[in-house]
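# Structural description and commentary
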Amino acid sequence: MLPRGGACPSASAFRSSVAPTLSRGAAGLFVTEPRAVTAVTAKPLPRSSASWTPTAPPEAALPRGDGGGPWPQSGAGTKRRLPAARRPRAAAPKAERPPPQFGARRARAQRRQRQEASRGAPPAGQTRLQQRSVTALTLAKYELAWRRFLEWRRLACAPEAVQLRGREARGATFEDHLDDWLALWMDEEFLNGEQAYVGSQMMAVAKFHLPAFGKSGGRSLPRAGQSLRGWRRLAPGRARLPLPWEAVALLAEQLVLDGYWTTAVLVVLSFHCYFRPSGGFKLKREMMVPPLRGSRYGNWSLVLHPFEFTVASKTHQFDETVVVDAPDFKLLLDPALAWLRACTPPQQCPFAFSQADFIQRFRLAGQRCGIELLRPELYMLRHSGPSFDQAIGRRTLAEIKLRGRWMSDAAVQRYRKEGRVSEQLRRLPAPVLAKAMGAPARLRTLLGRPSNASFPPTAGRGSDRRSF
């Protein structure tokens, strides 16, 4: 503290002293160099000043940070501005770009508009998304069934129908009597010999065209529902029995001998992976993931309905994976899958034939190998795989449910019939049974790869040999 009214100590005492300054050495370190500091004389403060504030020295007296002495004054050594041509140019402002998600959304919009333009405008009373709530094949079936129902209603001449038509003429709408019309229609179809699934389909058709009668609607169909329960009780649905693995192997062997090697691979793959009849035709080359040798991922994986393809499964699921993990089926399918993947172009199905050809070849092969007594159908393969795995104790009920992509336990119980497998096998004649028991061993040499032995000269037109 300085005394009130005192003066700042004179700087003459520091005139002979030196002040250290910092400079950068060769090694990058700061070293001190002595340099004289110009003295600054402080003036005495007036007595009325309440405090003392030091006077800053002039800029010329301050040392430079690079150790080069005081800054030069105005004159020849004064630092001047660079010419305009030599000045660094300022960076131009970047143009504003739309966010990445905006470009992706615009591409999706253009793709969807092209797709919907090819389909045409939706019918009156429905939107595009309402129609897309079901597949194109299901939509065609719904439209056909609905037109037949409306034609039946127009031509109905039963006394009950005449009475209902008279009430409708007095002001009631079609929706008010839809429940009555459906109940009468079910009675007539039951007497005509139809099965109960026809009534279930018509209920779904009515709820699709009139959503007010659906689950989220406020109206119901009590009479039609009661009639459908009685229909199911009097005419239960026909259950598909499973095919024994030995019969399936005999049928696949016959397909190879007939020249349909790829069709035989699809039969064995559908049996092992619980495929629906159309499951194999939805496969693409990218969905067939080969194994990694020497790791825990040593099995072939089939990724059904990948999210990138934007096509969901029947149960509205994506990325459903089925692994070829059984040792006996790995010997059959691993070489065949490797061959198919190597010979299939990208974004293409490895099975280059239609589902109608698949059905025809399957039935003809069943007749030629002698198992027509079992009435083989394609959908029986989805029943046969779970029944076989349960009969030999390979998988539990929960594993079968996950592998079959079923959403409820009741569906698994309907497909799992391991007790009927041996019964079906015993129905075969003795020569056919003896031939079927050795078919799995013979099939290993036939499915190894499509060699010339797999395509005998008797293979006719439409042979799978054209695919390779």
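Residues numbered from 1 in each chain as written. Predicted model: local features only at pLDDT ≥ 70, side-chain atom pairs only at ≥ 80, totals over all residues. Heavy atoms only, no water.

### Digging into the nonpolar core
The biggest cluster of nonpolar side chains holds 58 residues, and the ones touching the most others in it are Trp245, Val268, Leu269, Phe351, Ile371 and Leu447. Aside from chain neighbours lying at most four places away, what touches leucine 269 is Phe275, Leu283, Leu302, Val324, Leu333, Leu337 and Phe351. By size, the runner-up hydrophobic cluster in this structure holds 28 residues, among which are Phe149, Trp152, Met186 and Val205. (Core = buried A, V, L, I, M, F, W, Y, C linked by side-chain atoms within 4.5 Å. Buried < 20%, exposed > 50% of the residue type's maximum accessible area, 1.4 Å probe, protein only. Contact = heavy atoms within 4.5 Å.)

### What about the packing of aromatic side chains?
According to the stated counting rule, one finds 18 aromatic pairs in the structure shown. Measuring from ring centre to ring centre gives 5.8 Å for phenylalanine 281 and phenylalanine 358, while their planes differ by 65 degrees; the resulting arrangement is edge-to-face. Of the two residues, phenylalanine 281 is situated in the loop between helix H9 (261-273) and strand E3 (288-289) and phenylalanine 358 in helix H11 (residues 355-369); the sequence distance between them amounts to 77 residues. The interplanar angle of 75 degrees and the centroid separation of 6.5 Å between the aromatic rings of phenylalanine 358 and phenylalanine 362 together place this pair among those described as edge-to-face. (Phe/Tyr/Trp six-rings, centres within 6.5 Å; stacked < 30°, edge-to-face > 60°. Helix = DSSP H or I, 4+ residues; strand = E, 2+ residues; numbered from the N terminus.)

### Things to note about the packing of H9 against helix H12 (residues 380-391)
At a closest axis distance of 6 Å, the pairing of H9 and H12 adopts a crossing angle of 55 degrees. As the angle between them shows, H9 and H12 are arranged oblique. Considering the relative orientation of H9 and H12, their crossing is right-handed. Side by side, H9 and H12 meet where Val267, Ser270 and Phe271 of the first sit next to Leu381, Ser384, Gly385 and Phe388 of the second. For the contact of H9 with H12, the residue count by class is four nonpolar, three polar and no charged. (Axes fitted to C-alpha atoms, helices over the stretch in contact; angles between N-to-C directions. Parallel < 35°, antiparallel > 145°, perpendicular 65-115°, else oblique. Left-handed = near helix turned anticlockwise from the far one by under 90°. Nonpolar A, V, L, I, M, F, W, Y, C, P; charged D, E, K, R; others polar.)

### Structural notes on H11
Here H11 spans 21 Å end to end across 15 residues, near enough to the 21 Å set by a 1.5 Å rise per residue. Among the residues of H11, those classed as buried are Phe358, Arg361, Phe362, Ala365, Gly366 and Cys369. All buried residues of H11 fall inside an arc of 135 degrees around its axis, so they share one side. The outward face of H11, more than 90 degrees from its buried face, is lined by the exposed residues Ala356, Gln367 and Arg368. On the buried face of H11, the contacting elements are helix H8 (245-257), H9, H12 and helix H16 (430-437). Looking one or two residues past H11, glycine 370 carries a phi angle of roughly 95 degrees, positive in sign. (Expected span 1.5 Å × (residues − 1). Arc of directions from axis to C-beta.)

### What about the pairing of strand E4 (residues 300-304)?
Across the five residues that make up E4, a large majority, five, are buried. Residues Trp300, Leu302 and Leu304 of E4 are buried on one face, and the alternating residues Ser301 and Val303, pointing to the opposite face, are buried as well. Inspection of the sheet shows E4 paired to strand E5 (residues 320-324) by five bridges, in the antiparallel sense. Looking at E5, one finds that tryptophan 300 is bridged to valine 324. (Pairing = 2+ DSSP bridges.)

### Some remarks on the confidence of the model for the protein
Counting all residues, the mean pLDDT for the protein is 77, and 71% of those residues have values of 70 or more. Ignoring residues within four places in sequence, the model shows residues 48-52, a span with pLDDT below 50, making seven contacts including any to other chains. Per-residue pLDDT stays below 50 along residues 165-169; that stretch engages in 12 contacts with residues further than four places along the chain or on separate chains. (pLDDT = per-residue confidence, 0-100.)

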